Amino acid sequence: MKRNIEVWDYAGTILEQTGKGVLLTTKAKGKVNTMTIGWGTLGIEWGKPIYTVFVRESRHTKNMLEENGEFTVNVPMGQVDKNILAVCGTKSGRDMDKIAQLGLHLEEPETISVPGIRELPLTLECKVIYKQDQDPKAIDKACDERYYAKGTPNEGDYHTAYYGLITAAYVIE
């Protein structure tokens, strides 16, 4: 069962949990994939509620978002199995079915094609209405060195920002 919520009533929870880790879930070609993210913004753009996610160029999820253009943000409430966030943040959906491996339960969506995940019950359904690749020349030097430094696994692996119009918000009970 889902309980619809007013997203702004949960803004503090959403943003606090984003910094600790939430799941970004998408679906393409009949396959669902999820990944842990720690960067995201909640706000208003064009007079609409928006959740923006940032996905590196190399991620399997990026290819799926490019194909589908829809995603859910799955936010922990209360206790959550930290293994879920750990696996989804370190393993690729190219190599494994994280949903099956972790025994996650999918929840039918209300307005888009991408399901929620019951184990992380606060769910935002989002439809991409704008995207923007990062301009490496416009990034502060300290941030560039910290997150995209030469000689590291993330060298040159910049992000694309996906602005998701929040089309539904609920808690899975």
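Predicted, not measured: the structure shown is a model, and the values here were computed from it.

**Q** Account for helix 1 (residues 11-20), with residues named and values stated.
**A** One turn of the α-helix equals 3.6 residues, which is why residues spaced by three or four share an orientation. Every buried residue of helix 1 is accounted for by Ala11, Ile14, Gln17 and Thr18. Along the axis of helix 1, the buried residues cluster in a sector spanning 140°; they form a single face. Exposed and oriented more than 90 degrees from the buried face of helix 1 are Gly12, Gly19 and Lys20. Its buried side turned inward, helix 1 meets strand 2 (22-28), strand 3 (31-37), strand 4 (40-45), strand 5 (48-56), strand 6 (70-75) and strand 9 (122-133).

**Q** Would you mind going over the side chain of Lys2 in detail, with residue names and values included?
**A** Mapped onto the secondary structure, Lys2 falls in strand 1 (residues 2-4). Reaching out from Lys2, the side chain makes a polar contact with the backbone oxygen of Glu108 at a distance of 2.4 Å. Within the structure, the side chain of Lys2 is placed 2.6 Å from the side chain of Glu110, a separation counted as a polar contact. Apart from residues no more than four positions distant in its own chain, Lys2 is found in contact with Glu107, Glu108, Pro109, Glu110, Tyr170 and Val171.

**Q** Give a description of the layout of surface pockets that names residues and reports values.
**A** Over the atoms rolls a probe the size of a water molecule, and in doing so it shows where empty space is left. If you add up the space inside the largest pocket, you get close to 460 Å³. Together, 24 residues line the largest pocket, and Met35, Thr36, Arg56, Arg59 and Gly89 are the ones closest to its centre. Those elements that provide at least two residues to the lining of the largest pocket are strand 3, strand 5, helix 2 (60-68) and helix 3 (82-90). Per-element tally for the lining of the largest pocket: the top contributor is strand 3, with 4 residues. In this structure, the second largest pocket occupies an estimated 250 Å³ of space.

**Q** Account for the pairing of strand 5, naming residues and giving values.
**A** Two strands pair when backbone bridges link them, and strand 4 and strand 5 are joined in this way by 6 bridges, in the antiparallel orientation. Opposite Thr41, over in strand 5, you have Thr52 as the bridge partner. What sits between the antiparallel neighbours strand 4 and strand 5 is a turn of 2 residues, in which Trp46 has the positive phi angle 55°. When strand 5 meets strand 10 (residues 159-172), the two strands line up antiparallel, connected through 7 bridges. Considered in strand 10, the bridge of Tyr51 is made with Gly164.

What counts, and where the lines are drawn
- Residues numbered from 1 in each chain as written.
- Predicted model: local features only at pLDDT ≥ 70, side-chain atom pairs only at ≥ 80, totals over all residues.
- Heavy atoms only, no water.
- Buried < 20%, exposed > 50% of the residue type's maximum accessible area, 1.4 Å probe, protein only.
- Helix = DSSP H or I, 4+ residues; strand = E, 2+ residues; numbered from the N terminus.
- Arc of directions from axis to C-beta.
- Contact = heavy atoms within 4.5 Å.
- Polar contact = N/O pair within 3.5 Å; in protein donor to acceptor, adjacent residues only side chain to side chain.
- 1 Å grid on protein atoms, 1.4 Å probe; cavity = no way out; pocket = protein on both sides within 12 Å on 5 of 7 lines; lining within 4 Å.
- Points joined across faces, edges and corners; volume = space filled by probe spheres on them.
- Pairing = 2+ DSSP bridges.

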